[in-house]
Amino acid sequence: MMAATQEMAKYVRKHCPDDWDNITRAHNGDPIEPLQCNEMGGFSCAHLMLSVDLTNASHFDKKDPSWSLAVWVERFPGAASNWYFVLPDVVFEGKMGVLVQLFHGAVISWQGSEIRHCTSMTKTGERPNS
């Protein structure tokens, strides 16, 4: 968990500096309790959560004062299919709902406390934990 946290922090500082600044400003001096392991199907450490084969119902991150930033990865890149990040309330070109097709290495940031979102994956591939 510590290695994943350190690598994610390096990546976000380098490639998403505005998100890094937002997250660190929002949480500075206001530590939050990590989620229990079973709440998101993975592990959490401070402001980083790791999940395996996460799919969830649409929701808001009500207790998160910062932007959300997620990196989707697969243990076996290319194994998952029909994998989407869903923004059900966002209107684009006059249509309700936005689907962002996910892939190994996809990075998305959004205001999770204000934008309802979820992840949908119907096929993880033949190998477990893709």
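To be clear, the structure that these remarks concern was listed above.
Residues numbered from 1 in each chain as written. Predicted model: local features only at pLDDT ≥ 70, side-chain atom pairs only at ≥ 80, totals over all residues. Heavy atoms only, no water.

Chemist: Quick question: what am I supposed to make of the environment of Val 71 here?
Modeler: Relative to the assigned elements, Val 71 resides in strand β3 (residues 68-72). Judged by its relative accessible area of 30%, Val 71 is partly exposed. For the pair Val 71 and Val 12, spaced 59 residues apart in the sequence, the C-alpha separation amounts to 9.8 Å. What Val 71 contacts, discounting residues up to four positions off in sequence, is Met 8, Ala 106 and Val 107. (Helix = DSSP H or I, 4+ residues; strand = E, 2+ residues; numbered from the N terminus. Buried < 20%, exposed > 50% of the residue type's maximum accessible area, 1.4 Å probe, protein only. Contact = heavy atoms within 4.5 Å.)

Chemist: Sorry if this is basic, but what is going on with the environment of Asn 22 here?
Modeler: For Asn 22, the location among the structural elements is in helix α2 (residues 17-27). For the pair Asn 22 and Ser 68, spaced 46 residues apart in the sequence, the C-alpha separation amounts to 9.5 Å. Contacts of Asn 22, omitting those with residues within four sequence positions, involve Ser 66 and Trp 67. Within the structure, the side chain of Asn 22 is placed 2.8 Å from the backbone nitrogen of Trp 67, a separation counted as a polar contact. (Polar contact = N/O pair within 3.5 Å; in protein donor to acceptor, adjacent residues only side chain to side chain.)

Chemist: I'm lost on the pattern of salt bridges in this one. Help?
Modeler: As enumerated under the stated definition, the model contains 2 salt bridges in all. With a closest N to O distance of 2.9 Å, Glu 7 and Lys 10 form a salt bridge. Here Lys 10 and Glu 7 lie together in helix α1 (residues 2-15), a separation of 3 residues that amounts to about one turn. Under the relative-accessibility criterion, Glu 7 is labelled partly exposed at 47%. Between Arg 116 and Asp 89 there is a salt bridge whose closest N-O contact spans 2.6 Å. Linking Arg 116 in the loop between β6 (106-110) and β7 (118-123) with Asp 89 in strand β4 (residues 81-92), this pair joins segments that are 27 residues apart in sequence. (Salt bridge = Lys/Arg side-chain N within 4 Å of Asp/Glu carboxyl O.)

Chemist: Sorry if this is basic, but what is going on with the nonpolar core here?
Modeler: Nonpolar side chains in soluble globular proteins generally cluster together in the buried interior. Ala 70, Trp 72, Ala 80, Trp 83, Phe 85, Leu 87, Val 98, Leu 102, Ala 106, Ile 108, Trp 110 and Met 121 form the largest nonpolar core, which has 12 residues in total. Only β3, β4 and β6 provide two or more residues apiece to this core. Beyond its immediate chain neighbours, meaning those up to four positions away, Phe 85 contacts Trp 72, Val 98, Leu 99, Val 100, Leu 102, Ile 108, Trp 110, His 117, Cys 118 and Thr 119. The next biggest cluster of nonpolar side chains, apart from the first, holds 5 residues, and it includes Met 8, Val 12, Cys 16 and Leu 69. (Core = buried A, V, L, I, M, F, W, Y, C linked by side-chain atoms within 4.5 Å.)

Chemist: For this particular structure, what's the right way to read the packing of aromatic side chains?
Modeler: The geometry of an aromatic ring pair is captured by two quantities: the separation of the ring centres and the angle between the planes. Counted by the stated rule, this structure contains 2 aromatic pairs. Summarising the aromatic geometry, the rings of Trp 72 and Phe 85 are spaced 5.2 Å apart at their centres and angled 55° between planes, so their arrangement reads as tilted. Here Trp 72, found in strand β3, pairs with Phe 85, found in strand β4; they are 13 residues apart in sequence, far enough to count as distant. For the pair shown, Trp 72 and Phe 85 are each scored as buried. Measuring from centroid to centroid gives 4.7 Å for Phe 85 and Trp 110, while their planes differ by 55°, and the two rings are tilted. With Phe 85 in strand β4 and Trp 110 in strand β6, this pair connects stretches of sequence that are 25 residues apart. Side by side, Phe 85 and Trp 110 carry an identical accessibility label, which is buried. (Phe/Tyr/Trp six-rings, centres within 6.5 Å; stacked < 30°, edge-to-face > 60°.)

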